[in-house]
Amino acid sequence: HTWSHGIITNIPIEQAERELAQSKIDIEVNVGKPCFIVAWSHGIFNGEVLSLLPKTGYRGAAAYDGGINIISNINLYEIKRIRIVAELSPLAYAQLMELK
């Protein structure tokens, strides 16, 4: 996520760039490995912040939800995810992912 987990479209673009850059730095320092994907806080982003990804060293971004990705036509700036919530069983997730 971005550094403060705020809604990145609600802040000036210069601050959004700092949020992305600082998050990447913190992850890399603490994990000891490169970070190439950011997850959009609250699932909110726009074209202006998407344009910051290459500049801040990201190769892709994960959306808040959206389902399953088809690898042949994946948009690396809007990788879909399935929300994990305690109320769903593993079987229900398998059905969501079309595994069962």
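Residues numbered from 1 in each chain as written. Predicted model: local features only at pLDDT ≥ 70, side-chain atom pairs only at ≥ 80, totals over all residues. Heavy atoms only, no water.

## Comments concerning the nonpolar core
1) Next: Counting residues in each nonpolar core, the largest one holds 12 residues, listed as Ile8, Ala16, Leu20, Cys35, Val38, Trp40, Val49, Leu50, Leu52, Leu53, Tyr58 and Ala61.
2) Next: Every element with two or more residues in this core is listed here: α1 (13-31), α2 (47-50) and α3 (52-56).
3) Next: Among residues more than four places away in sequence, those in contact with Ile8 are Thr2, Ala16, Leu20, Trp40, Ile44 and Val49. (Core = buried A, V, L, I, M, F, W, Y, C linked by side-chain atoms within 4.5 Å. Buried < 20%, exposed > 50% of the residue type's maximum accessible area, 1.4 Å probe, protein only. Helix = DSSP H or I, 4+ residues; strand = E, 2+ residues; numbered from the N terminus. Contact = heavy atoms within 4.5 Å.)

## Quick word on the side chain of Thr2
1) Next: Of note, Thr2 is situated in the segment before α1.
2) Next: Judged by its relative accessible area of 2%, Thr2 is buried.
3) Next: A distance of 3.2 Å separates the side chain of Thr2 from the side chain of Ser41, its partner in a polar contact.
4) Next: Other than its neighbours up to four places away in sequence, Thr2 contacts Ile8, Glu19, Leu20, Ser23, Val38, Ala39 and Ser41. (Polar contact = N/O pair within 3.5 Å; in protein donor to acceptor, adjacent residues only side chain to side chain.)

## Remarks on the pattern of salt bridges
Side chains that carry opposite charge are capable of pairing whenever their charged atoms lie near each other.
1) Next: Applying the stated criterion across every chain, the model contains two salt bridges.
2) Next: We note a salt bridge from Lys55 to Glu17, for which the minimum N-O separation is 3.3 Å. Pair noted here: Lys55 is in helix α3 and Glu17 is in helix α1, with a separation of 38 residues, a long-range link.
3) Next: In this structure, Glu28 and Lys24 form a salt bridge, with 2.4 Å as the shortest nitrogen-oxygen distance. Residue Glu28 and its partner Lys24 are located together in helix α1, separated by four residues, close to a single helical turn. (Salt bridge = Lys/Arg side-chain N within 4 Å of Asp/Glu carboxyl O.)

## Re the environment of Gly60
1) Next: By secondary structure assignment, the location of Gly60 is in strand β2 (residues 60-62).
2) Next: Here Gly60 falls in the buried class, since its relative accessible area comes to 0%.
3) Next: In this structure, the C-alpha to C-alpha distance between Gly60 and Ile37, residues 23 residues apart in sequence, is 4.8 Å.
4) Next: Aside from chain neighbours lying at most four places away, what touches Gly60 is Phe36, Ile37, Val38, Leu53, Leu76 and Tyr77.

The analysis is restricted to geometry; functional conclusions fall outside its scope.
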